[in-house]
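Examination of the molecular architecture
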Amino acid sequence: MISQFILPTNVQLRADSIHSEPGILYIDTSVCQTCSICPVCNKKSSKIHSRYSRTLLDLPISGHLSKVQLKARKYFCDNPECPRKVFTERFDCEIKPYYRRMIRSNDLLARMALELGGNTGAAISRYAGVPVSPSTILRVVKRLDIQPKKLTSGVIGVDDWAFKKGKTYGTVIVDLAKKEVVDLLPDRESATLSEWLKQHPEIKTVSRDRYGPYALGIKTGAPDASQVADRFHLLMNLGNATKRIFQSKGKELREAFTLYNQPKNKPAKTESAVQNMLQITEDILTTANISIDKLHKFEKVKDLYSKGSSIRQIAKTVKLTRTTVRKYTMMEKLVKRQAHTTTNLDAFIGFLMQEENRVKTYRELHKTTVEMGFNGKYTQFCNKMNELKNTQPALRPKSTGPILVKTWSPTRLSLML
Ligand SMILES: [Zn+2]
């Protein structure tokens, strides 16, 4: 009666007795079947040779480890043509030869292994009542009969991945239409990739980087497939190329930035092209920290407004307030919001315009004005002074040291391009 609750019901076993040690239940079990099938000739035999004992770990019972002590048998094979004379008892399910666990216990470990991996799976297995080591968890996974997906959408990406970075690499194959990993290859040799592609004749397009063996592998494994350089590697290569160019043009860049940093109210005619280019990049920087979502909504508002939609309709479509929509319709381009902090620098303009103060540096002037009651930070002081300087050049302090030209690094320039 108790057998059906503590033993698998899909195999003919009978619990004879139960005894325990601290934390472990031992279930002495007999086999009910009267014959077994020879694993070599598949003939039934009921002629018992001898008996032996097997211990199998089962699912836990009330927090106790459960170990089934099975009195199994060995059989003679009656088939005179069979090379196997004696074989161990075979079962239809739940108990496999050489296994030290019931199949249902093994299935639990396999689920933990797939969800948690080796180390975590082993740690959790102790609490789940089937304690095993990380190595055993990995062995359970390797024994699983997982069939790789055969068909892909026909558009795949190929790239390398590191077993151990800098030492051993494999190849990852991704289905670009389904956006999922299809297979992992043990190395990044052309022959391995070629062999995989020959087993997948549905492949029409392969995206890859510039690694030579991949190009060769695709050419031999899928000669009719189109090879495409992927966007990431194209941009990376373009960035590296432009960076090298900028690194070799340090002198010219310095001259360009020198021209750009000259006062804006005295631009030289020959420098207008340089000024225009740098102004464009400055515009990009001005809008650089505006979110993509905000820019998208701004463009959507402008588009709908130009097509004649009402403010109310646009607000409902774009999910903005009518005030914001109205503001966007009046703006030519979206710019980042300016800080509203104000200072009392206007009260000191008369002092700053005095003849003796024009030769002083911003740092000296800021220190003096703070002592006189200026309530702003040094950065705010500089920004305000620069604005005044553009409208009243006489305010500019006298330069006392070498001119420091503000430039961009080759990396930053290549990123902007
Ligand atoms: Zn046989």
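Scope of this entry: the structure provided in the associated data block. (Residues numbered from 1 in each chain as written. Predicted model: local features only at pLDDT ≥ 70, side-chain atom pairs only at ≥ 80, totals over all residues. Heavy atoms only, no water.)

**A short note on the coordination of the zinc ion**
For the zinc ion, every protein donor is listed as C38 (SG), C41 (SG), C77 (SG) and C82 (SG), and the spread of their distances is 2.2 to 2.3 Å. Coordination at the zinc ion comes from 4 donor atoms whose angles at the metal span 100 to 115°, giving a geometry best classed as tetrahedral. One chain supplies every donor for the zinc ion, spaced along it as C-x2-C-x35-C-x4-C. Linking C41 in the loop between β3 (36-37) and β4 (44-45) with C77 in the loop between β6 (64-76) and β7 (86-88), this pair joins segments that are 36 residues apart in sequence. Given the relative accessible area of 11%, C77 is considered buried. (Donors = N, O, S within 2.8 Å, 3.2 Å for Na, K, Ca; no water. Tetrahedral: all angles 85-135°; square planar, octahedral: opposite > 155°, others 65-115°. Helix = DSSP H or I, 4+ residues; strand = E, 2+ residues; numbered from the N terminus. Buried < 20%, exposed > 50% of the residue type's maximum accessible area, 1.4 Å probe, protein only.)

**Overview of a positive patch on the surface**
A contiguous patch of positive charge, built from K96, R139, K142 and R143, is present on the exposed surface. By the element assignment, R139 lies in helix α4 (residues 134-143). Overall, the relative accessible area of 47% leaves R139 in the partly exposed class. (Patch = residues over 30% accessible without salt bridge, like charges linked within 9 Å, V, L, I, M, F, W, Y side chains within 5 Å. Areas by Shrake-Rupley, 256 points an atom, 1.4 Å probe, with all protein chains shown as cover. Salt bridge = Lys/Arg side-chain N within 4 Å of Asp/Glu carboxyl O. Lys, Arg positive; Asp, Glu negative; His and termini not counted. Charge placed at Lys NZ, Arg CZ, Asp CG, Glu CD.)

**A word on the packing of aromatic side chains**
Going through the model one piece at a time under the given rule, you end up with 7 aromatic pairs. Ring plane angle 20° and centroid distance 5.9 Å describe the contact between Y75 and F87, whose orientation is recorded as stacked. With Y75 in strand β6 and F87 in strand β7, the pair connects residues that are 12 residues apart, well separated along the chain. Of the residues examined, Y75 reaches a relative accessible area of 0% and is grouped as buried. The exposure class assigned to F87 is buried, which follows from its relative accessible area of 2%. Their ring planes at 90° and their centres at 6.2 Å tell us that Y362 and F381 sit as a pair that is edge-to-face. Separated by 19 residues along the polypeptide, Y362 in helix α14 (residues 362-372) and F381 in helix α15 (residues 378-391) bring together distant segments of the chain. For the pair Y362 and F381, one class covers both residues: buried. Taken together, the ring pairs in this structure connect F348, Y362, F374 and F381 into an aromatic cluster. Taking NZ or CZ as reference, R143 lies 4.9 Å from the ring centre of Y99, over its face. The ring centre of Y211 lies 5.2 Å from the NZ or CZ of R188, which sits over that ring. (Phe/Tyr/Trp six-rings, centres within 6.5 Å; stacked < 30°, edge-to-face > 60°. Lys NZ or Arg CZ within 6 Å of the ring centre and 35° of its normal.)

**Remarks on the pairing of strand β11 (residues 205-208)**
Across 3 bridges, strand β8 (residues 155-164) lies against β11 in parallel orientation. By the bridge assignment, G157 is partnered in β11 with S207. In this sheet, strand β12 (residues 226-229) lies alongside β11 in parallel orientation, the contact comprising 4 bridges. Looking at β12, one finds that T205 is bridged to S226. Between the parallel elements β11 and β12, the chain passes through helix α6 (residues 212-221) in a crossover that is right-handed. (Pairing = 2+ DSSP bridges. Right-handed = clockwise from strand over helix to strand, strands pointing away.)

**Concerning the sheet that holds β12**
Read from one edge of the open sheet, 5 strands run β10-β9-β8-β11-β12, paired in mixed fashion. Of all the strands in the sheet, just β10 (180-185) and β12 have a single pairing partner and so form its edges. Between one strand and the next, the sheet's axes are offset by a mean angle of 30°, whatever the strand orientation. The sheet strands contacting helix α5 (residues 190-198) are β8, β9 (168-175) and β10, and the helix crosses β10 at an angle near 130°. (Axes fitted to C-alpha atoms, helices over the stretch in contact; angles between N-to-C directions. Contact = heavy atoms within 4.5 Å.)

**Notes on the side chain of T369**
Its location among the elements puts T369 in helix α14. In this structure, T369 is in contact with F348, F351, L352, F374 and F381, ignoring residues within four places of it in sequence.

**Side note on the pattern of salt bridges**
Applying the stated criterion across every chain yields a total of 6 salt bridges. Of the charged contacts, one joins R104 and D58 as a salt bridge, the two residues approaching to 2.7 Å between their closest N and O atoms. In this pair, R104 sits in helix α2 (residues 103-116) while D58 sits in strand β5 (residues 48-61), placing the two residues 46 residues apart along the sequence. The class for R104 is partly exposed, based on a relative accessible area of 26%. With a relative accessible area of 0%, D58 lands in the buried category. D303 serves as the salt-bridge partner of K307, at 3.2 Å between the closest nitrogen and oxygen. A network of salt bridges, in which partner residues are shared, links R14, D16 and K71.

**So, helix α7 (residues 231-248)**
Since the α-helix packs 3.6 residues into each turn, any two residues three or four apart lie on the same face. The end-to-end C-alpha separation of α7 is 26 Å, in line with the 26 Å expected for 18 residues at 1.5 Å each. For α7, the full list of buried residues reads H233, G239, T242 and F246. (Expected span 1.5 Å × (residues − 1).)

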